[in-house]
Structure formats: structure tokens, C-alpha cells
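Observations on chain architecture
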Amino acid sequence: MIDSDPVGTLLVRAHSAQAEFATWTQDRVDAAVAAAGWAIIEPGRNRRLAEQAVRDTGFGAVEDKVRKNHRKTLGLLRDLQGVRTVGVIAEDCACGITEIARPVGVVAAVTPSTNPAATPANKLINALKGGNAIILAPSPKGASTCALLLDFVHAELAKVGAPPDLVQQLPPPGSRAMLAELMGHVDLIVATGSRTNVRAAYQSGKPALGVGVGNVAAIVLPTADPVVTAARIATSKTFDHATSCSSENSLVVVEAAWERFLAALRSEGGVLATPAEKASLGKALFPDGRLSPRLIARPATEIARLAGLDGAVYDNCRFILVSEQGVGPLFPFSGEKLSPVLALYRVPDFDAAITLVQRLYDYQGKGHSVGVHGASAAQQLRLGLELPVCRVIVDQVHCFAVGGSFANRLPFSLSMGCGTWGGNGFSDNLNYRHFLNITRIVRPIPERVPSEEDLFGDYWRLYGK
């Protein structure tokens, strides 16, 4: 790598900064983490980032992005507060094992245009907590917002004496070649966004953590309060115009709950499209069978207008409902929509709901999560045992709960691992531990050697020797 190579220059600077940062104490590292957090939470900067994000990407709503930037970062800092990531982090005297946290080195972070401030902030704060340097590779639409975020981060890092090259960005507009070069020379890749970028990360030859495809379904049972449930779903589906992969895409409603729940959805601003309107919406939302970027994360009223859905009923529409029966490529509403549009499925009972959700995830979204409203403990457990999901979200606003909430203990994150079901190497929310190597000092302890009877006794008694 030579200095005239922009990617090579970034890497040289990152390695140098990280080598210095790796010598810092926990208190100094935590000061750098707080500095990076304040860079986005400070109200004036937060609003500037939100406004620029919507202006440059065309996705989402300013006020919701302000809330997202604040809430996600505040929650992450809560998760990290008091957590040791420097030196000895655990001591198990009985097992004779001491755990020592070590940085992974230089991280490449691929980030999407749907969350061009919140996602980079989350990744860089986690990386700094582990003593690492990070080079951000934002989508072209999100590059200007990311650059502004880095200006703010560098200003705050300077206050604590941290090297500015701990946090860098691929020079815009970037290119696939530059991204490939970056991926090929870092110590760890964390990729959130398009399937193309996630696939490239896994094929880079470097350790990589990529996320799966979202296509969340939520099951609504007759025991759910229809008004409360409709309010939760409306909040989730309309927040930031559904930029989140954790917003519901399909509602699977058990027959006995249908009428009251549909009325509650309408009270929340949902409009059920007629068959003719559904056809028009489908042509606008899925031209040539693929989701149109023009309608991603736009308000429901705008989507209705662009799809030619006339009538006063759409003037104050918050989200659009379409009745659906099929699943798969011939039924595009059964897939991810990244917009305030929801597919409605009507099923006779809970067993049928599980079967339908399985079909939806076999088509798209396997591994991510499922929502359920009004389920008993036994029904919740069935979902966790039978569906290919890493998260079962019970009676919550799904798009908030999946990525960490002050009302649950999932780590605050904008990158959700989907396990082997989703083609990922991890199944939890991306968090600070993914940005650490753990060294273990292993000391001798008294031997415990089991007898053959200890191990095979039950087997022999059942099946013989």
C-alpha cells in the first residue's frame, strides 16, 4: 500500500491511531466513548444530522431520526456504562481462567442509507469501546451525513486527546473497488445494508459479521387487546416511514380477532386498499417485480398519490393495508416493503399462524424475528422452538424492541444477526463483545476424571453394553 492509494492511506493512519489507543486505560477509553456519544446526542448536532439525512437520502422523517439518533445512542451508552473492555475483564478462580479483553484492530463498517447517522454512530462507539479504530463505508446517499457525523466526532475526540484517525470514512462517493480493497485489509468487517454488500463482506476472506434480510411478521391472537395492539403496530410501522428492517411487513391475524383488530387498525390511520387499489399499489411499489427505491421510506400519503390511489380516505392515511393470501415471488406484498405498507393475512387458529409465518420466512426474512400479541407463555415458547427466528418479540412495539429497548434487555443495536437461518455467523444483536478478542489465561486445577459409569450408566441401563 502506498500513500497515493486513498484506501491504503486510511489504513496506515488507522493502524497508527489504533496502536496508540490500545495503550489507553479503561477510564480514557470510556472518555472517548462518551465523546463519540455526545457528538451525535447533542441536540443541535443531532438535528443537523437528521435534517441532512432526510434531505440527502430522501428516506424517513426528520423528527423520527432525531428520536432515533438520541434513543439508540443513549441506550447504547447505558449498555456500555461500567463495562470493562481493557485488561482483565473476568476471573474464575474455580475454573482457573482469567479473561483479558484485547482489541480486534481496525474495523471496516458498511452502513446503509436508511440510517446514515444512527448506524455509523452505533458501530463506531462499539468499536471505540473495544479499543479499535474504524473506517466507515457508508452508502453513496448516506456519505454526506456520515461525513458530518465524523466532523462532530473528531471535534469531541480532540477534547479527550484521542487520535482523529481512530474514526475515518472512505472518501465519497466511494466505489466497489475501494470497498473491496478496504475489506481485504482490515481485521474485522461489520456489514449492515444491502445483500450485495453483506455477501461481499463474507467473501472478502476477512472475519465478517453481516446481517440478514428483514421481513417481520407479527401474529395477533384473540386474547390481544385490539386497541393497544393496533397502536403498537401503527407506531412501529410508521416510525421513520418504516426505514427499519424491524418494522412489521405482514400481520397474521387469527380469525376470532379479525373484525375488532381491523377496526382498531383503521382507528390508527390504516386504510385497507380495495382489490383494484391493491393492484395499482403493487405496480407502483414493485415495478418489474422489485421494490422501487422511489417509494422506500416515504409517507403513506405520498405512496398513495404516486400509486394513483384517489379518494379522501388516503388524505390522512398513516399506513396502507393490503389483504393477501399467497406467499412468494408471485405475491410481492408477502416480502419486505420498507414502507408504511402492511400485508394482512387471516388464519383460523394459532397452528395455522405458525405455518403461514414459516412459509413467509422460507420466502424472505428467515432468522430475524417474529412478533406476537396476546400469546400465552406456552404459545410464546412454541414460536421460539418452531420458527427459524433469533428473537420472539412479545407484546411490544416491534421496531423499537428488536434493536434494544429501555423496556427489555436486548442490546441497543441497529444490526441484528439472523444466525445460520439468515446466512449470518451470529444470532444476537451486534454489540461491543463482537469488537473484542478475548485472551484466556488457563491455570491448572484439581483433576476431575469421570468414570465410564458416570458417562454411560444411563445408556447401558436403557440399551445395554
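Structure first, text after, so check above.
The structure contained in this document is the topic of the report that follows. (Residues numbered from 1 in each chain as written. Predicted model: local features only at pLDDT ≥ 70, side-chain atom pairs only at ≥ 80, totals over all residues. Heavy atoms only, no water.)

Okay, the pattern of salt bridges next. If you walk through the whole model with that rule in mind, you get 23 salt bridges. The closest approach of N and O atoms between Arg 45 and Glu 156, which form a salt bridge, is 3.0 Å. With Arg 45 in helix H3 (residues 43-57) and Glu 156 in helix H6 (residues 143-159), this residue pair connects regions lying 111 residues apart in the sequence. Note on accessibility: Arg 45 and Glu 156 belong to one class, buried. Taking the shortest distance from any N to any O, the salt bridge between Asp 458 and Arg 461 comes out at 3.0 Å. With Asp 458 and Arg 461 both in helix H16 (residues 452-463) and 3 residues apart, this pair spans about one turn of that helix. Comparing Asp 458 with Arg 461, the two get one shared label, exposed. Shared partners join several salt bridges into a network, and the residues in it are Glu 42, Arg 45, Glu 156 and Lys 159. (Salt bridge = Lys/Arg side-chain N within 4 Å of Asp/Glu carboxyl O. Helix = DSSP H or I, 4+ residues; strand = E, 2+ residues; numbered from the N terminus. Buried < 20%, exposed > 50% of the residue type's maximum accessible area, 1.4 Å probe, protein only.)

The α-helix advances 3.6 residues per turn, and as a result positions three or four apart in sequence lie on the same side. Helix length check: helix H4 (residues 62-80), at 19 residues, gives a terminal C-alpha distance of 27 Å against a target of 27 Å (1.5 Å per residue), a fit within 8%. For H4, the complete set of buried residues consists of Asp 64, Lys 65, Val 66, Lys 68, Asn 69, Arg 71, Lys 72, Thr 73, Gly 75, Leu 76, Asp 79 and Leu 80. Where H4 is buried, its residues contact helix H2 (26-41), H3, helix H5 (118-129), helix H9 (226-238) and helix H15 (398-401). Two residues or fewer after H4 comes Gly 82, characterised by a positive phi angle close to 80 degrees. (Expected span 1.5 Å × (residues − 1). Contact = heavy atoms within 4.5 Å.)

This paragraph deals with the nonpolar core. The biggest cluster of nonpolar side chains holds 67 residues, and the ones touching the most others in it are Leu 124, Leu 128, Val 167 and Leu 182. Here this core gets 8 residues from one element, more than from any other, and that element is H2. In contact with Leu 124, not counting residues within four places along its chain, are Ala 36, Ile 134, Leu 136, Leu 149, Val 153 and Val 167. (Core = buried A, V, L, I, M, F, W, Y, C linked by side-chain atoms within 4.5 Å.)

Another aspect to go through is the sheet that holds strand S14 (residues 392-394). The 7 strands are arranged S10-S11-S12-S9-S8-S13-S14 in an open sheet whose pairing can be described as parallel. Unpaired on one side and paired on the other, strand S10 (270-272) and S14 mark the two borders of the sheet. Sheet twist, expressed as the average angle between the axes of neighbouring strands with direction ignored, equals 25 degrees. Taken together, the 4 bridges between strand S8 (residues 216-220) and strand S13 (residues 370-373) define a ladder with parallel strand orientation. Across the sheet, Val 220 pairs through a bridge with His 373, a residue of S13. Of the strands in this sheet, S8, strand S9 (248-254), S10, strand S11 (319-323) and strand S12 (341-347) are in contact with helix H10 (residues 258-267), which crosses S12 at around 170 degrees. The sheet strands contacting helix H13 (residues 350-363) are S8, S9, S12 and S13, and the helix crosses S8 at an angle near 175 degrees. (Pairing = 2+ DSSP bridges. Axes fitted to C-alpha atoms, helices over the stretch in contact; angles between N-to-C directions.)

With that settled, consider a nonpolar patch on the surface. Taken together, the side chains of Leu 455, Phe 456, Tyr 459, Leu 462 and Tyr 463 define a hydrophobic patch exposed on the protein surface, amounting to about 620 Å² of accessible area. Summarising the element assignment, Leu 455 is placed in helix H16. (Patch = residues over 30% accessible without salt bridge, like charges linked within 9 Å, V, L, I, M, F, W, Y side chains within 5 Å. Areas by Shrake-Rupley, 256 points an atom, 1.4 Å probe, with all protein chains shown as cover.)

It is worth spelling out the pairing of S9 at this point. Buried residues dominate S9, accounting for 7 of its 7 residues. Read from S8 through H9 to S9, the crossover connection turns out right-handed. (Right-handed = clockwise from strand over helix to strand, strands pointing away.)

This paragraph deals with the environment of Val 107. If you trace the backbone, Val 107 turns up in strand S3 (residues 106-111). Counting along the chain gives 78 residues from Val 107 to His 185, while the straight-line C-alpha distance between them is 9.6 Å. Those residues within four positions of Val 107 in sequence are excluded, and the remaining contacts are Asn 132, Ala 133, Ile 134, Ile 135, Val 186, Leu 188, Val 190 and Phe 435.

Looking at the secondary structure, you find Gln 169 in strand S5 (residues 167-169). With a relative accessible area of 11%, Gln 169 lands in the buried category. Engagement of the side chain of Gln 169 in a polar contact is seen with the backbone nitrogen of Ala 147, the distance being 3.1 Å. (Polar contact = N/O pair within 3.5 Å; in protein donor to acceptor, adjacent residues only side chain to side chain.)

Another aspect to go through is unusual backbone geometry. Cis geometry marks the peptide bond from Pro 172 to Pro 173, where omega comes out at 5 degrees. Residue position: Pro 173 is located in the loop between S5 and helix H7 (176-183). With a phi close to 65 degrees, Ala 242 is a non-glycine residue in the positive phi region. Position of Ala 242 relative to the elements: it lies in the loop between H9 and S9. For Ala 242, a relative accessible area of 0% translates into the label buried. Of note, Asp 395 is a non-glycine position whose phi angle comes to about 50 degrees, a positive value. Mapped onto the elements, Asp 395 comes out in the loop between S14 and H15.

These results come straight from atomic positions and should not be treated as a statement about function.
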